[in-house]
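Geometric and topological summary
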Amino acid sequence: MLPHLSPATADALRTALLRAGYTTDGVRALLGQSAHAALGRGEVEPAFRSSRDGGELGVLVRLLLLGAVEPDAAVAAALAPLAPADAAAAGLLRAVPGGWAAALDLRPYGDTSDADISGGDPSGGAADGGADWWVLSDLDQRRQERDHVTGVGAASLTLAAATPRRAVGSLLDLGTGCGVQALHATRHARAVTGTDLAPRALAMARATFALNGLDIELLEGPWLEPVAGRRFDQIVSNPPFVPGPARVDYVYRDSGQDGDAALAALLRALPEHLERGGVAQLLGSWLHVRGEDWPDRVRSWLPAGVDAWVVQREVADPALHVGTWQRDAGLDLTSPAAREQAAAWLDWMERARVEAVGFGFVTLRRPGGARRDGESTVVFEDLPGDVEDPLGPEVEGWLDRVDWLHAHADDRALLGARLAVAPSVVLETYAEPGTEGWTEVGSAVARLDGPRWRHEVDGPAAALLAGCQGALPLGELVELLAFAHDRPTDELVTAALPAVREFVRHGVLLPAPELGR
């Protein structure tokens, strides 16, 4: 059954959820820190115990979050003014012996601010002052169905945290699923459009938007076909990106195309759907093929003249890749069906000479403004491990710094600029023990925020950075450094400018006006 919330049903349900306090803050306060953390790990008993005396909110937590059967009278009181039978007719509940059970996953979800995306727990995780939403998706029990619609998962949160949140006129959520990215988009885009191939996903998104009182355009169709001929200021996408044989076991993850061919086609097509200066942000996976360099593989998919920042967050060997996605689908990995699927997947990887699978995010921009045609920046980087800060602000800063570097592409322009070390940057020195104590053997500059970029530096480079305080042009600092080290100025310029450009791109050095100077 597809969910359908009429305006009256959506209003009544929203009234009930707000009255009971079924919000991110309300659920966290009811459960307490320990039980809430346990629920995030899939341990439900502490949450059951904490919700026993929770009144109507406790009923909703057990019914909608914990999968419990609740008595008719308790559900009727908790959902008033929405009758349980009307909730069932909308596809939200199902009648079972002893009362009612959830037919869909309905949970609160939050966004603390336009630049600080939080979540990753069963109730979303909004802090005071953030947006409170509710998200509808399929229950885990339905996870092995081909058209299963996932809820707020790790991939959704990763994309939300890495998406720039500047105000835009139009935004496309390509492959919206249950609508998580579109929810975030309503906070900074005047008009939001969501597309999806799966009717069930669109029904789930439509119900989610109705419950939250949001007006979002929804279109059905594959990839970019529903928006043919249209352009947007921003595009976000969490597409079916799992590389494998050309088949579709699960619509939410499988493209039906061989390997990473779907991502390649999407990257080629996206810029034509961006306005001048428009930005696309998407998750993706690419194959590491024997005898190929993965950046060269992905670079071949990019149209000429676009800015691109491709960040690889994880690399998995074939066995780990297959096992991860089989577990994600809720399969019993020891069952004959799962073993048969894994064998076919691994056989395909061997034939395709796949050594590993990379995962990360891609930022594309169709340059605008004064940029000359064909003038672009394409960068590939590895960023393994956890990143504590949301990457959305870093993406915004990267795009601004790339623009600045293009405006200062001429060496004379760069030498005439005033730069300053970012406030979050520190100089680290390290030493090794010797017979006479510690001997310094190297140093590095590192950012203590964002991706924690780190660069090894020698003595002259450290001295140059120390002089970058926004007061003197870079050229004068290089001249002073050349005099101090008795080296030709031209020699230092040749050595320093590539490093300076890298420091700017990584936000180690900032144009002085950005620091208020």
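Above this text sits the structure in question.
Residues numbered from 1 in each chain as written. Predicted model: local features only at pLDDT ≥ 70, side-chain atom pairs only at ≥ 80, totals over all residues. Heavy atoms only, no water.

1. Here we look at the packing of aromatic side chains
- The tally for this structure, following the rule as stated, stands at eight aromatic pairs.
- Ring plane angle 80 degrees and centroid distance 5.8 Å describe the contact between Phe241 and Trp325, whose orientation is recorded as edge-to-face. Linking Phe241 in the loop between β8 (232–237) and α10 (261–269) with Trp325 in helix α12 (residues 318–328), this pair joins segments that are 84 residues apart in sequence.
- A relative accessible area of 9% means that Phe241 is categorised as buried. (Phe/Tyr/Trp six-rings, centres within 6.5 Å; stacked < 30°, edge-to-face > 60°. Helix = DSSP H or I, 4+ residues; strand = E, 2+ residues; numbered from the N terminus. Buried < 20%, exposed > 50% of the residue type's maximum accessible area, 1.4 Å probe, protein only.)

2. Let's talk about the pattern of salt bridges
- According to the stated counting rule, one finds 31 salt bridges in the structure shown.
- Note that Glu491 is salt-bridged to Arg487, the shortest N-O span being 2.9 Å. (Salt bridge = Lys/Arg side-chain N within 4 Å of Asp/Glu carboxyl O.)

3. Considerations on the packing of helix α1 (residues 7–20) against helix α5 (residues 72–79)
- Running from N to C, α1 and α5 point in directions that differ by 95 degrees, and their axes come no closer than 8 Å. In terms of their interaxial angle, α1 and α5 are classed as roughly perpendicular. Of the residues in α5, those touching α1 at Leu13, Ala16 and Arg19 are Ala77, Ala78 and Leu79.
- A per-class count over the contact of α1 with α5 returns five nonpolar, no polar and one charged. (Axes fitted to C-alpha atoms, helices over the stretch in contact; angles between N-to-C directions. Parallel < 35°, antiparallel > 145°, perpendicular 65-115°, else oblique. Contact = heavy atoms within 4.5 Å. Nonpolar A, V, L, I, M, F, W, Y, C, P; charged D, E, K, R; others polar.)

4. Description of the sheet that holds strand β17 (residues 469–473)
- Here we have three strands laid out as an open sheet, ordered β17-β13-β18, and antiparallel in their pairing. This sheet does not close on itself; its edge strands, each paired only once, are β17 and β18 (509–511). For this sheet the average axis-to-axis angle between neighbouring strands, irrespective of direction, equals 35 degrees.
- Against the sheet, helix α17 (residues 474–485) engages β13 (418–421) and β17, with an angle of about 80 degrees to β17. (Pairing = 2+ DSSP bridges.)

5. A few points about helix α9 (residues 199–211)
- With 13 residues, α9 ought to run about 18 Å at 1.5 Å a step, and its terminal C-alpha atoms sit 18 Å apart, in line with that.
- Within α9, 10 of the 13 residues are buried, which leaves it mostly tucked inside the rest of the structure.
- Buried within α9 are the following residues: Arg200, Ala201, Leu202, Ala203, Met204, Ala205, Ala207, Thr208, Phe209 and Leu211.
- Trailing α9 by a residue or two, Gly213 shows a phi angle of about 65 degrees, which is positive. (Expected span 1.5 Å × (residues − 1).)

6. Examining unusual backbone geometry
- Residue Pro81 is reached from Ala80 by a cis peptide bond, and omega for that bond is 15 degrees.
- Inspection of the secondary structure puts Pro81 in the loop between α5 and α6 (84–89).
- Residue Arg353 is not a glycine yet carries a positive backbone phi of 60 degrees.
- Here Arg353 lies in the loop between α13 (336–351) and β11 (354–365).
- Look at Asp486: it is not a glycine, yet its phi comes out positive at around 55 degrees.
- With respect to the helices and strands, Asp486 occurs in the loop between α17 and α18 (489–505).

7. Some thoughts on the environment of Pro243
- For Pro243, the position within the fold is in the loop between β8 and α10.
- Taking the C-alpha atoms as reference points, Pro243 and Ala261, 18 residues apart in sequence, are found 8.4 Å from one another.

8. Considering the side chain of Arg447
- Examined against the element boundaries, Arg447 turns out to sit in strand β15 (residues 437–447).
- Once you skip the residues sitting within four places of it in the chain, Arg447 turns out to touch Glu394, Arg401, Ser424, Val425, Arg452, Trp453, His506, Gly507 and Val508.

9. Observations concerning the side chain of Thr377
- Residue placement: Thr377 occurs in the loop between β11 and β12 (378–382).
- Judged by relative accessible area, Thr377 falls into the buried class, the value being 17%.
- Within the local environment of Thr377, its side chain forms a polar contact with the side chain of His406, the two groups lying 2.7 Å apart.
- Other than its neighbours up to four places away in sequence, Thr377 contacts Val306, Asp307, Ala308, Trp398, Val402 and His406. (Polar contact = N/O pair within 3.5 Å; in protein donor to acceptor, adjacent residues only side chain to side chain.)

10. Examining the sheet that holds strand β16 (residues 454–457)
- Across the sheet, which stays open at both edges, the three strands sit in the order β14-β15-β16 with antiparallel pairing between neighbours. Only two strands of the sheet have a single neighbouring strand rather than two, namely β14 (425–434) and β16. Neighbour-to-neighbour, the strand axes of the sheet open up by a mean angle of 35 degrees, direction not taken into account.

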